[in-house]
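# Architecture at a glance
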Amino acid sequence: MSSLDDVASRDSWRCWVCDEPVDPDMSVNDPRGPSVDSRTADKKAKVAERLAHRACNTRKGAVKVVIAWPDHLHVVEPAPLITVAERLERKGGRELVARCPSRKDAQAAADWLVDRFARLVPGLPVTASVDAGGGQYLVALAAGRR
């Protein structure tokens, strides 16, 4: 098992579950304090340990976590991000992840996704594209195999 400081430094002191900053000076017993999630529910994960808030780690337990899409993004039928991350990490390729009513909304979602995946799956080069289709805009993520 890695040390808390090593895992936290690698993850830039951000919780992999909620994507909020983790205060390094907070007690490890505080709900917002740092903890190491060993991701025991996901035996195939390439990164075995990730930084999480104590409460985020406790709340998810030993089940797969659900990464929430932010409320400020206007998306229809957003894909489950953990599932998308696992498929892109395993097989690479391209996957549609959301539909948006406007190009501006789709671009905001695409930008957020690229930023979020940089922390969710470190080392996996993910790009996003926005394509018009059927009166709406489709957001797709693409990644090569590692």
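Our structure is the block above this text.
Described below are features of the structure shown in this document. (Residues numbered from 1 in each chain as written. Predicted model: local features only at pLDDT ≥ 70, side-chain atom pairs only at ≥ 80, totals over all residues. Heavy atoms only, no water.)

## Let's talk about the pairing of strand β2 (residues 50-53)
The side-chain alternation of β2 yields two buried faces, one formed by R50 and A52 and the other by L51 and H53. In the sheet, strand β1 (residues 34-37) pairs with β2 via 4 bridges, with the strands oriented antiparallel. Bridge pairing in β2 links D37 to R50. (Buried < 20%, exposed > 50% of the residue type's maximum accessible area, 1.4 Å probe, protein only. Helix = DSSP H or I, 4+ residues; strand = E, 2+ residues; numbered from the N terminus. Pairing = 2+ DSSP bridges.)

## Some points on helix α3 (residues 81-91)
Among all positions in α3, only L81, I82, V84, A85, E86, L88 and E89 are buried. Check the buried side of α3 and you find it contacts β3 (93-100), α4 (103-120) and β5 (136-143). Two residues or fewer after α3 comes G92, characterised by a positive phi angle close to 70°. (Contact = heavy atoms within 4.5 Å.)

## What to know about the side chain of R119
Mapping R119 onto the fold places it in helix α4. Setting aside residues no more than four positions away along its own chain, R119 makes contact with R14, D19 and R50.

## Some thoughts on the pattern of salt bridges
Taken as a whole, this structure holds 9 salt bridges when the rule is applied. Among the ionic pairs, D11 bridges to R50, the shortest N-O distance being 3.5 Å. A residue pair is termed long-range when its members are at least 10 positions apart, and D11 in the loop between α1 (4-10) and β1 and R50 in strand β2 qualify at 39 residues. A residue is classified by how much of its surface remains accessible, and D11, at 7% relative accessible area, is buried. (Salt bridge = Lys/Arg side-chain N within 4 Å of Asp/Glu carboxyl O.)

## Regarding the side chain of S35
Residue position: S35 is located in strand β1. A relative accessible area of 3% means that S35 is categorised as buried. In this structure the side chain of S35 is engaged in a polar contact, spanning 3.1 Å, whose partner is the side chain of N57. When near neighbours in sequence (up to four residues on either side) are disregarded, S35 contacts L4, R50, L51, A52, H53, R54 and N57. (Polar contact = N/O pair within 3.5 Å; in protein donor to acceptor, adjacent residues only side chain to side chain.)

## Topic: the packing of aromatic side chains
The final tally for this structure, using the stated rule, is 1 aromatic pair. Note on W69 and W112: the rings are 5.6 Å apart at their centroids and 40° apart in plane angle, and the pair reads as tilted. Highlighted residues: W69 in the loop between α2 (54-60) and α3 and W112 in helix α4, separated in sequence by 43 residues. Accessibility assignment for this pair places W69 and W112 in one class, buried. (Phe/Tyr/Trp six-rings, centres within 6.5 Å; stacked < 30°, edge-to-face > 60°.)

## Let's talk about α4
Counted at 1.5 Å a residue, the expected span for α4 with its 18 residues is 26 Å, and the 25 Å between its end C-alpha atoms agrees. Of the residues making up α4, those classed as buried are D105, A106, A109, A110, W112, L113, R116, F117, R119 and L120. In this structure, the buried residues of α4 make contact with β2, α3, β3, β4 (126-133) and β5. (Expected span 1.5 Å × (residues − 1).)

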